Amino acid sequence: MMHFRDIGVGKPVVLIHGFLENSDMWNEFSVELSKKYRIILPDLYGHGKTPSIAEVHSMEKQAEGILEILAHLKIDKAAFIGHSMGGYIALSIARDFPEKVEKLALFFSSTMPDSQEKKQQRLKAVETAKENRESFIRLGVKNLFNQNNLDNLRDEIEFARKLAMEMPLEGITAALKGMRERKDTQTVLEKADYPIEIILGKFDSAVDLEKFTSQIPQKSHIQLHILPVGHMGHLEAPVESLDLIQSFLNR
């Protein structure tokens, strides 16, 4: 079973971290949210305290691991909040097990699969990581932040790098391959009738903002917010991001 933490009481909320992260990325958020909700914090396969289990960690495989935790805790339904790759995994759960989802938040994530160009970049990233894991992490993490504000984000970048440096090479490559083969999950936004929150960054190099926002259905239960940050909103704009998540959970 995936390593996880279970804190607080109330309606269950699953916080799913992204690639090169672990559940510690949610530390400040989970302290606040656990005052009102039961917060489940998994370490995904190949991340944090959870070892790798395959050469490819597909989004479906990661989703199964999270659902195993919920079954263990006897939780039938929860709100899911996923950052980046965590959003892809939350979408996989919402697509294949809609009965498990109370609410869904995409936190600097999207429903779109990799383009052919992006798929090639993933393979190149696998080889780069194998050649020099530390260099891959150092450059990769920096590129996730708003490039116009790097001087003011040195501590945040260093924290993100610290989390990433804890990842073994096999976890990095398995996640890259898993993201590369993920499927389009746009049908979740089109079919779901529960509250959906989409929080994106104006300067996010990992999400095609224009293309994705043009595909978001205009429905009253789907709310979109765009912050003036890169891909790491929890570190670049923690107060604003937490406020949006709290408002979402209160919906």
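Preceding this paragraph is the structure being described.
Now for a description of the structure that goes with this document.

Calculation criteria
- Residues numbered from 1 in each chain as written.
- Predicted model: local features only at pLDDT ≥ 70, side-chain atom pairs only at ≥ 80, totals over all residues.
- Heavy atoms only, no water.
- Helix = DSSP H or I, 4+ residues; strand = E, 2+ residues; numbered from the N terminus.
- Buried < 20%, exposed > 50% of the residue type's maximum accessible area, 1.4 Å probe, protein only.
- Contact = heavy atoms within 4.5 Å.
- Phe/Tyr/Trp six-rings, centres within 6.5 Å; stacked < 30°, edge-to-face > 60°.
- Lys NZ or Arg CZ within 6 Å of the ring centre and 35° of its normal.

Re the side chain of His231
Thinking step 1. Residue placement: His231 occurs in the loop between β7 (222-227) and α10 (233-236).
Thinking step 2. What makes His231 buried here is its relative accessible area of 3%.
Thinking step 3. Excluding residues within four positions of it along the chain, His231 makes contact with His83, Ser84, Phe108, Leu144, Asp204, Ala206, Val207 and Glu236.

Concerning the packing of aromatic side chains
Thinking step 1. Under the criterion given, the structure shown has four aromatic pairs.
Thinking step 2. Seen from their ring centres, Phe29 and Phe107 are 6.3 Å apart, and the 65° between their planes marks the pair as edge-to-face. Residue Phe29 is found in helix α1 (residues 27-33), and its partner Phe107 is found in strand β5 (residues 101-107); the two are separated by 78 residues along the sequence. Side by side, Phe29 and Phe107 carry an identical accessibility label, which is buried.
Thinking step 3. Aromatic pair Phe107 and Phe108: ring centres 4.7 Å apart, planes at 75°, arrangement edge-to-face. Summarising the burial analysis for this pair, Phe107 and Phe108 share the class buried.
Thinking step 4. For Lys103, the ring lying beneath its charged end belongs to Phe248, and the centroid distance is 6.0 Å.
Thinking step 5. Lying over the aromatic face of Tyr88, Arg182 brings its terminal NZ or CZ to 3.8 Å of the ring centre.

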